[in-house]
Amino acid sequence: MRPPTFAGQLHDARTATAVGRWLGAAFAVCFVTGLISHYLQHPPAWIADDLPTRPVWGYRLTQGLHVGTGLAAIVLLLAKLWTVYPRLYVWPPVRGFRHALERISVALLVASAVLQVFTGLLNIVQWYPWPFGFIQTHFALGWVVIGSILLHIAVKAPDIRAHWRLSSPATLALPAEDATDRRSLLLGIGAAVGAVTLTTVGQSFTPLKVTDVLGPRHPDHGPMGLPVNRTAAAAGVRPDRLRDWRLEVRGPTPYTLTLPELRALPRHTARLPIACVEGWSQEAQWSGVRVRDLLARAGAPPGAALRVTSLEVSGSYRVMEMGREYAEDPLTLLALELGGQVLSLDHGYPARIIAPNRPGVLQTKWVTLLEVL
Ligand SMILES: Nc1nc2c(c(=O)[nH]1)N[C@H]1C(S)=C(S)[C@@H](COP(=O)(O)O)O[C@H]1N2
Ligand SMILES: [Mo]
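This one's a predicted model, so the numbers in the text were calculated from it and none came from an experiment.

Cut-offs and rules
- Residues numbered from 1 in each chain as written.
- Chains lettered and ligands numbered in written order.
- Predicted model: local features only at pLDDT ≥ 70, side-chain atom pairs only at ≥ 80, totals over all residues.
- Heavy atoms only, no water.
- Domains from an automatic or database assignment.
- Contact = heavy atoms within 4.5 Å.
- Buried area = accessible area lost by both parts, 1.4 Å probe.
- Salt bridge = Lys/Arg side-chain N within 4 Å of Asp/Glu carboxyl O.
- Polar contact = N/O pair within 3.5 Å; in protein donor to acceptor, adjacent residues only side chain to side chain.
- Helix = DSSP H or I, 4+ residues; strand = E, 2+ residues; numbered from the N terminus.
- Nonpolar A, V, L, I, M, F, W, Y, C, P; charged D, E, K, R; others polar.
- Buried < 20%, exposed > 50% of the residue type's maximum accessible area, 1.4 Å probe, protein only.
- Near = heavy atom within 4 Å.
- Areas by Shrake-Rupley, 256 points an atom, 1.4 Å probe, with all protein chains shown as cover.

### Some points on the domain arrangement of the chain
- As assigned here, the chain comprises domain 1 (13–211) and domain 2 (223–372).
- Between the C-alpha centres of domain 1 and domain 2 the distance comes to 37 Å.
- Listed by partner, the interface residues are 26 residues for domain 1 and 27 residues for domain 2.
- Carbon and sulfur atoms supply 49% of the area buried between domain 1 and domain 2, which totals about 2,200 Å² over both sides.
- At the junction of domain 1 and domain 2, the tally comes to two salt bridges.
- The residue R54 makes a salt bridge to D329 at a minimum N-O spacing of 2.8 Å.
- Inspection of the region where domain 1 meets domain 2 yields twelve residue pairs in polar contact (both at pLDDT 80 or more).
- Mapped onto the side of domain 1 that touches domain 2, the elements with two or more residues apiece are α1 (13–41), α2 (58–84) and α3 (97–124).
- With five residues, α2 is the single largest residue contributor to the side of domain 1 that touches domain 2.
- Here the side of domain 1 that touches domain 2 is built from residues that sort into twelve nonpolar, ten polar and four charged.

### Digging into the pattern of salt bridges
- This model, assessed by the stated rule, comprises 14 salt bridges.
- Measuring nitrogen to oxygen at the nearest pair gives 2.6 Å for the salt bridge that ties D12 to R182. Of this pair, D12 sits in the segment before α1 while R182 sits in helix α6 (residues 176–200); the two residues are 170 residues apart in sequence, bridging distant segments of the chain. Take D12 and R182: they sit in the same class, and that class is buried.
- K209 is the partner of D220 in a salt bridge, and the nearest nitrogen-oxygen pair spans 3.0 Å. One end of the pair, D220, is in the loop between α6 and β1 (247–250); the other, K209, is in the loop between α6 and β1, with eleven residues separating them in the sequence.
- Salt bridges sharing partners connect three or more residues here, namely E248, R250, R307, E321 and E371.

### Some details on the site of ligand 1
- Residues in close proximity to ligand 1 total 20 residues, the closest being P227, E312, H347, R352 and K365.
- Within the side chain of E312, an N or O atom sits 2.6 Å from a nitrogen atom of ligand 1.
- Note that an oxygen atom of ligand 1 is positioned 2.5 Å from one of the side-chain N or O atoms of K365.
- Starting from 530 Å² of accessible surface for ligand 1 in isolation, the protein chains cover 99%.
- Partitioning the shell around ligand 1 into residue classes produces nine nonpolar, six polar and five charged.

Structural data, given as structure tokens:
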């Protein structure tokens, strides 16, 4: 078999370097913000009590960046694969041990990066056409991707260095007429990244919400002007199950409150965002009872952590644990109202948690039990 020849001139090291550094930057931001997200949502025991509750919009920013750079990486990855795909036809396919290792590392990088960005994309539209759990796989694969990128950079360092600058001798040695085509290609890729970003970033960056036409969520669309990730119906929370709702608080001096009793307690108001791990976020005004007041009334010792249980029948977010920093924070509320109105059933009526700088999945709705830990 004879390898095909390629008429296109832009499958060279200069183009690969130019696209590769944007892709590398996108993956780097995506990886770091992904780690932040993971450790806020699943903190190891030794940091669970010391997570930062400020800035209140911290998770909103990092998760917006995570999904934004992940979407940009899809475009950049496709462009980069187009640039380098003629290498698939290199003949002979393996020239020796070192070359074989290099090709295996590229195969690992391509496979893990493609799988990572596309499963991430399907996750933000909540479509899971695979048998494995998304969160653990996405987390593990993140390490594989970042490791294989570092390996790739190390292996390609001489090429990258030689083509880093337009004025590098190796770049100047390339045919001059390609420079114009390359500029057009890079402009096209930039325009595509810009278009993807502009049409989706408004789902968390609300100043651009008017251009959010392709984001899975619009920050204003939903009951009470706020999106809903999982409705009461989807969570199996039926209105008739709420008729004799009570808040039970377990601690050294346990107690139970009816809804009128809970409503009679001192109220506080906080402007805090809900920032979903799937990328959308929106700020809102919440009012309710401070969690730390509820814990103090149960005789909780200072610095106690908390377990919160929803009356949702089943689901991964039925039970949530909250470390000391959140439990003590004056902005952490058992919210009863949103925007001055009683919570709707989909937003967690009669009571839901809202805490600063926390992933949306931990803002438990339909709360019925608090346990001092
Ligand atoms: N009990 C319970 N609480 C929950 C969820 C859930 O599935 N069950 N979903 C969470 C998720 S993923 C998000 S993003 C927020 C969204 O809150 P909202 O629907 O009021 O906007 O609720 C959180 N609280
Ligand atoms: Mo979410």
